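Notes for the structure review
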Amino acid sequence: MLATSSRRRPLGRTIVHVALVLSVAFGTLAAAGGYWAVVKGPELVRSPYDPAVIAAARTVPRGTIRDRDGETLARNETDANGELYRVYRTPAVSQVVGYASSRYGRAGLELAYDAELSGLAGDPVADALRKFGTDPYDPKDLTLSLSLELQRAAVRALGDHSGAVVMLDPRNGEVLALASTPTYAASELADPATADQTFQALQDANDQPLLPRATLGRYVPGSVFKVVTAIAGLGSGSITPRTTYEQQPTSEEDGLLVSGFRVRDGHHLFTGSRLLDLVGATEVSCNIWYALTGLETGGANLVDYAGRLGFGAPLPFDLPTTISQVTNGSGDAPGGFVDDVELANASYGQAETFVTPLQMALVAGTVANGGELMRPRLVTGITGERGTRTIGPTTVSRVIEGADAAAITEAMTAAVESEWGRRYTTGAKIPGVTTAGKSGTAELGGQGEPHSWFIGFAPAEAPTVAIAVLVEQAGRGAEVAAPIAGDLMGLWLDSTR
Amino acid sequence: MTGAAGRAPATSLPRILGPIRPRPRWVEARLLALAAVTLLVGSVSLRLGVDGQFGLFDARGLGIYLAALALAHVAQVLAGRRSDQVLLPVVGLLGGVSLLLMQRLPQGLVTLGEGESALGLGDVQLIWLVLAIVVITTLATVVRSDAWLRRYKYTWAAVGIALLLLTFVFGADVAGQRLTLRLGPISGQPSELLKVILVVFLAGYLSENRPLLIEQDTRLGPLKLPPLPYLAPMVAMWAIALGIVVIQRDLGAALLFYAVFLALTYAATGRLSLVVIGLVLFVAGSALMANLFEHVRDRIDIWIDPFADPLGAGYQIVQSLHAFARGGLLGTGLGEGLPMVGGRLPIPEVHTDFPLAALGEELGLVGVIAILGLYFVVIQRGLRIGASAADDFRAILATGLALVVGVQAFIIAAGNLKVLPLTGVTLPFVSYGGSSLLANAVVVGLLLAISDRGVEPPPAPSEATGWRRRLRRGSA
């Protein structure tokens with residue numbers, strides 16, 4: 001009706017565009033709500049940072065933690081103000097059970113199973129029904145595969161050394177002992193009366209008593225890593241148990257030259273110019289044979305098979321673990337090695353190879369279990385109002401064929417039982433039981449004494465226990481770690497016989 | 001009502017009392033009844049959750065609120081306006097949810113007065129809510145002309161800038177932000193009122209200059225732009241937003257103003273190029289701010305990974321996400337959430353910054369989506385009023401009013417849900433706070449007033465004169 005109205009385009013179309021943009025924006029909000037409330041929800045409500053979890057900690061009794069024989073490891077006490085606090089059986093289990101302190105948070109299983117112990121987590125049905133109930137909390141008791149007796153013996157055996165012992169049942173992955181030293185008195189951290197001074201003292205200590213070395217410590221493995229190299233070599237078909245190398249005997253005196261680097265050995269006094277195969281090389285811990293096997297196998301296969309054993313990722317375990325590595329992956333050669341020198345050195349556990357004691361126990365356990373890796377487990381049962389949920393064995397993967405595992409078992413048995421082998425694994429032999437194992441002396445590049453290692457299992461013909469022992473900077477594997485392993489495996493076999 | 005145009009001489013004064021002819025509003029009545037039932041059920045649920053007894057949680061408070069809503073309805077019926085019938089029930093339901101939430105939170109969060117007669121959080125919020133309903137009703141029944149907004153757009157702009165400058169200079173620093181202006185006993189957050197003034201000004205400016213802004217006579221590379229002088233407001237708006245960030249440290253208000261400004265510019269011109277330029281300026285400004293100012297950078301770092309420091313910098317947002325997680329799909333039920341842990345609120349400032357998280361805990365994902373849906377209805381009604389408005393001014397005004405509510409709700413909800421960095425704007429109609437409630441009441445009141453098809457028709461477009469006509473002719 002007006003002249004100017006022809007210039008005017010209605011705004012309806014652009015307003016619809018604005019509405020569409022807002023629809024997308026609000027749709028995003030709804031999706032985000034769904035993500036946090038439903039997708040991430042179950043994880044968040046069990047986090048120790050959730051105020052519901054924190055509130056529950058003050059008033060709701062936490063579940064009891066027991067060992068495989070029903071021995072109580074952690075229970076509750078009430079202080080003068082009526083607030084609950086935790087009491088622990090012995091410092092020997094502190095690195096496993098951890099602590100739950102009103103001031104210093106949680107660690108160990110107390111942290112990992114916080115939601116279950118405080119009763120916030122249940123099965124989905126119970127969670128859904130809980131909001132209609134009067135008592136929202138159902139604290140769960142944990143049953144561990146750990147043996148208190150064996151754990152105490154392991155801590156005693158390590159004595160004043162810093163170190164770790166991991167023992168497991170290779171058939172089902174049950175962890176029998178997970179000792180780290182030095183340890184600490186978790187009860188004093190959990191008791192409000194002594195918490196402050198205890199925590200201060202622990203933080204100031206030079207030897208890191210709060211560090212669970214068995215799962216979070218990373219160490220140069222030395223010769224115990226040769227078992228991994230053997231697994232990769234046999235598994236990938238690069239070698240057979242009969243494989244020998246012509247240059248091995250001739251290199252024993254002056255060392256094997258790899259790209260200008262000399263791989264050295266110290267056993268030619270015993271073997272002279274004998275041509276060694278898998279058994280012979282393992283018996284005397286021949287660096288040259290294993291370096292050649294590593295080169296033959298190739299970096300890609302070595303890293304691949306190590307990965308099947310658990311290297312390169314956190315282990316599927318009840319407690320957090322540090323990642324074990326074959327190489328730091330900075331190189332361009334297959335597998336991430338820098339060159340053949342690094343690969344050759346890694347093949348007998350030096351170079352950039354770092355492992356956790358738990359990882360090495362899994363290596364021994366895999367060989368013991370005929371080449372099949374079982375998921376390591378600490379918690380075997382979770383008991384609440386609605387009964388007990390049992391956590392059974394699960395297979396992680398078949399790493400190598402049974403025949404290959406048998407060949408490595410034969411080699412590791414020779415390393416403990418044979419005349420020459422005994423020199424390297426003094427004291428590992430369990431009287432009356434065929435014992436398999438491999439010692440390690442991890443050189444630290446001139447920084448003090450080497451780490452002393454031993455991994456093994458027994459009885460060799462039908463293994464029921466596998467072990468990894470690490471003693472920090474204690475000297476040769478044969479002298480310190482091997483006898484500890486022999487004693488502890490013997491103790492376990494005696495107690496279960 | 002076609003006779004109205006002929007009868008009413010062009011007057012700039014609002015007609016306070018027109019001929020009153022009551023007109024029933026059945027849709028509004030039914031929706032209000034539904035909202036009232038919802039709130040009554042909520043109140044019973046809340047009582048059951050808190051002390052396990054059957055009954056209303058705070059019968060007096062809820063009764064006063066529902067009575068105020070009913071009176072607002074009756075007043076509109078008596079005024080005989082043919083305005084929107086959905087907005088009041090929806091906003092009323094949001095306000096009622098707010099009332100239940102504030103009654104349920106620890107009452108000591110806010111107190112008015114001292115001693116025995118001191119009012120707690122729930123009662124104070126009730127007072128603001130009733131005042132907000134009064135504002136909505138007054139504007140919806142009394143305003144029958146928009147001339148007072150249309151004519152004086154530069155005056156409004158001046159008022160707005162004056163408010164902003166006053167806050168810059170005299171504002172009280174609260175928690176590192178300079179948002180609050182105190183005049184004797186009265187204090188308030190001018191940015192809440194400022195957003196309304198901004199929309200009024202933009203509606204006036206954009207509707208008057210729309211033909212020019214649509215023209216494309218300036219070329220900047222591949223972009224075709226309107227005459228450069230008309231881009232000045234865009235740059236000014238950008239500068240004001242940056243000023244708010246720098247001086248007031250109010251990222252939320254800056255984001256809100258800028259987003260509404262861009263959306264209205266697009267709605268008025270249909271020119272994507274302007275939006276693109278606006279977004280480029282936004283990104284550049286954000287990058288600049290993040291590089292220069294620690295508080296901006298901190299916000300962004302916290303947003304990217306609040307779980308990096310769950311007990312420190314990321315505490316609020318992490319607790320908010322935990323609240324949504326505890327709520328899950330269906331929520332814990334009203335009154336069953338976590339009000340306090342060890343004598344502290346799990347989420348600091350829950351009543352102003354995180355009401356959605358509190359509702360997410362107690363009403364669950366379903367409740368959150370319902371609340372978001374209510375905002376979307378407000379937006380939809382507002383945009384609908386805009387799209388069917390009689391002229392450009394009202395169209396842009398209504399669109400802008402709908403946007404300030406919708407975008408503000410989005411910004412804070414997105415902050416609570418870690419979709420955007422957390423900024424301290426309020427959740428309209430739900431957060432505690434008088435400034436926020438009253439400003440948003442003005443928005444709803446104006447929307448209701450201009451939704452009336454019987455409102456005084458817009459004046460005929462004025463002929464461009466002087467330099468403006470020359471410019472227009474020259475560009476044609």
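Residues numbered from 1 in each chain as written. Chains lettered and ligands numbered in written order. Predicted model: local features only at pLDDT ≥ 70, side-chain atom pairs only at ≥ 80, totals over all residues.

**Notes on the overall build of chain B**
For clarity, the threshold we go by: Secondary structure elements are defined from DSSP: runs of H or I of at least 4 residues count as helices, runs of E of at least 2 residues count as strands, and each element is numbered from the N terminus. Remark: C-beta atoms are placed from the backbone, and a residue is labelled buried if 20 or more other C-beta atoms sit within 10 Å of its own, exposed if 12 or fewer do, or partly exposed between those counts. Any residue pair is listed as a contact if its two C-beta atoms, each placed from the backbone, are within 7 Å.
When helices and strands are counted, chain B shows 17 helices and five strands. Taking all 476 residues of chain B together, the buried fraction comes to 51%. Considering only contacts in chain B between residues 6 or more positions apart, those separated by 24 or more positions represent 73%.

**So, the overall build of chain A**
Along its length, chain A carries 22 helices and 17 strands. In chain A, which comprises 497 residues, the share counted as buried stands at 53%. Put simply, 69% of the contacts in chain A that link residues at least 6 apart link residues at least 24 apart.

**Notes on the interface of chain B and chain A**
How large an interface is tends to be reported as the accessible area lost when its parts come together. What counts here: The residue classification treats Ala, Val, Leu, Ile, Met, Phe, Trp, Tyr, Cys and Pro as nonpolar and Asp, Glu, Lys and Arg as charged. All others, Gly included, are polar.
Chain B puts 45 residues into the contact, and the matching count from chain A is 33 residues. Elements represented by at least two residues in the side of chain B that touches chain A include exactly helix H10 (251-269), helix H13 (315-327), helix H14 (355-387) and helix H15 (392-416) of chain B. Sort the elements by how many residues they give to the side of chain B that touches chain A and H14 of chain B lands first, with 11 residues. Tallied by class, residues from the side of chain B that touches chain A come to 30 nonpolar, 12 polar and three charged.

**Some thoughts on the sheet that holds strand S12 (residues 379-384) of chain A**
Residue and element names in this part refer to chain A. Inclusion rule: The criterion for strand pairing is that DSSP finds at least two bridges linking the strands in question.
The mixed open sheet is built from six strands, whose spatial order is S3-S2-S1-S6-S12-S13. The open sheet has two edge strands, strand S3 (84-88) and strand S13 (387-390), and neither has a second partner. With four bridges connecting them, S12 and S13 associate as antiparallel partners. From the neighbouring strand, Gly384 faces S13, where its bridge partner is Gly387.

**Some thoughts on the nonpolar core**
As a reminder, the rule being used: Think of a nonpolar core as buried Ala, Val, Leu, Ile, Met, Phe, Trp, Tyr and Cys residues, each tied to the set through C-beta atoms within 7 Å.
In terms of nonpolar packing, the biggest core is built from 153 residues, with Val260 and Leu447 of chain B touching the most fellow members. In terms of residues, this core owes the most to one element, H15 of chain B, which gives 17 residues. The contact partners of Leu447 of chain B, leaving out residues within four places of it in the chain, are Asp84, Leu87, Gly382, Ile385, Ala398, Leu401 and Ala402 of chain B. By size, the runner-up hydrophobic cluster in this structure holds 134 residues, among which are Val224, Ile231, Ile382 and Tyr424 of chain A.

**Comments concerning the environment of Val363 of chain A**
Residues and elements named next belong to chain A. Secondary-structure assignment places Val363 in helix H19 (residues 357-368). On the basis of neighbour count, Val363 is assigned to the buried category, with 28 C-beta atoms found within 10 Å. Residues Val363 and Ile231, spaced 132 residues apart in sequence, show a C-alpha to C-alpha distance of 9.1 Å. If we skip the residues at most four places from it in the chain, Val363 touches Val227, Val228, Leu309 and Ile455.

**A word on the packing of helix H3 (residues 59-79) of chain B against helix H5 (residues 121-142) of chain B**
All names here are of chain B. Test applied: A fitted line through C-alpha atoms serves as each axis, taken over the contacting stretch for helices, and the angle formed by two N-to-C directions is quoted from 0 to 180°. Roughly parallel refers to an angle under 35 degrees, roughly antiparallel to one over 145, roughly perpendicular to one between 65 and 115, and oblique to any angle outside these ranges.
Two elements in contact, H3 and H5, have axes separated by 10 Å at closest approach and are oriented at 5 degrees. What the angle tells us is that H3 and H5 run roughly parallel. Judged by residue contacts, Gly61, Ile64, Tyr65, Ala68, Leu69, Ala72, Ala75, Gln76 and Ala79 of H3 engage Gly122, Asp123, Leu126, Leu129, Val130, Ile133, Ile136, Thr137, Ala140 and Thr141 from H5. Residue composition of the contact of H3 with H5, grouped by class: 13 nonpolar, five polar and one charged.

**Re the sheet that holds strand S8 (residues 175-181) of chain A**
Residues and elements named next belong to chain A. What the five strands build is an open sheet, ordered S8-S7-S17-S16-S15; its pairing is antiparallel. The outermost strands of the open sheet, each flanked by one partner alone, are S8 and strand S15 (436-442). Sheet twist, expressed as the mean angle between neighbouring strand axes with direction ignored, is 5 degrees. Judged from the seven bridges that link them, S15 and strand S16 (residues 451-458) form a sheet pairing that is antiparallel.

**A look at helix H12 (residues 294-304) of chain B**
All names here are of chain B. The cut-off we apply is this: Within this analysis, the arc is defined by the directions that extend from the helix axis to the C-beta atoms.
Of the positions making up H12, those classed as buried are Val296, Arg299 and Ile302. The buried residues of H12 occupy an angular sector of 130 degrees when projected down its axis, which confines them to one face. What points out from H12, more than 90 degrees from its buried face, is the exposed set Glu294 and Ile304.

**Thoughts on helix H2 (residues 26-51) of chain B**
Residues and elements named next belong to chain B. To keep it simple, the criterion reads: A helix is expected to span 1.5 Å for every residue after the first.
The end-to-end C-alpha distance of H2 is 37 Å, a good match for the 38 Å that 26 residues give at a rise of 1.5 Å each. Buried residues of H2: Glu28, Leu31, Leu32, Ala35, Leu39, Gly42, Ser43, Leu46 and Arg47, and no others. In the core, the buried residues of H2 are packed alongside H3 and helix H4 (87-104). Positive phi shows up at Gly52, right after H2, with a value of about 70 degrees.

**Considerations on the confidence of the model for chain B**
Residue and element names in this part refer to chain B. Selection criterion: For every residue, the predictor assigns a confidence score, pLDDT, that lies between 0 and 100.
Considering every residue of chain B, the mean pLDDT works out to 83; 85% of them sit at 70 or more. Here residues 1-13 is a poorly scored stretch, pLDDT under 50, and it has nine contacts once near neighbours within four places are set aside; other chains count. Scored by ipTM, the complex comes to 0.87, with pTM at 0.66.

**Concerning the environment of Leu330 of chain B**
Residue and element names in this part refer to chain B. By the element assignment, Leu330 lies in the loop between H13 and H14. Look at Leu330 and you get partly exposed, because 14 C-beta atoms sit within 10 Å. Along the sequence, Leu330 and Glu361 sit 31 residues apart, while their C-alpha atoms lie 8.8 Å from each other. Filtering out sequence-adjacent residues up to four positions away, Leu330 remains in contact with Gly364 and Val366.

**Structural notes on unusual backbone geometry**
Looking along the chain, the bond that leaves Thr181 of chain A and enters Pro182 of chain A is cis, with omega of -5 degrees. Position of Pro182 of chain A among the secondary structure elements: in the loop between S8 and helix H9 (186-190). At Ala351 of chain A, a residue that is not glycine, the phi angle is positive and equals roughly 55 degrees. The backbone of Glu349 of chain B shows a phi angle near 60 degrees, a positive value even though the residue is not glycine.

**A short note on the pairing of strand S17 (residues 465-471) of chain A**
All names here are of chain A. Counting buried residues in S17 gives seven out of seven residues, a clear majority hidden from the surface. Residues Val465, Ile467, Val469 and Val471 of S17 are buried on one face, and the alternating residues Ala466, Ala468 and Leu470, pointing to the opposite face, are buried as well. For strand S7 (residues 163-168) and S17, the ladder comprises six bridges, and the chain directions are antiparallel. Across the sheet, Leu168 pairs through a bridge with Ala466, a residue of S17. Inspection of the sheet shows S16 paired to S17 by seven bridges, in the antiparallel sense.

**Some details on the packing of H10 of chain B against helix H11 (residues 272-292) of chain B**
All names here are of chain B. Heads up, the rule is: Each crossing gets its hand from how the near helix is turned against the far one by less than a right angle, where anticlockwise is left-handed and clockwise is right-handed.
Packing of H10 against H11 leaves a shortest axis separation of 9 Å and a crossing angle of 165 degrees. By the criterion of interaxial angle, the relationship of H10 to H11 is roughly antiparallel. Considering the relative orientation of H10 and H11, their crossing is right-handed. In this structure, H10 uses Tyr258, Leu262, Thr265, Tyr266 and Thr269 to contact H11, whose residues at the interface are Leu274, Val275, Gly278 and Phe282. Its residues assigned to classes, the contact of H10 with H11 comprises six nonpolar, three polar and no charged.

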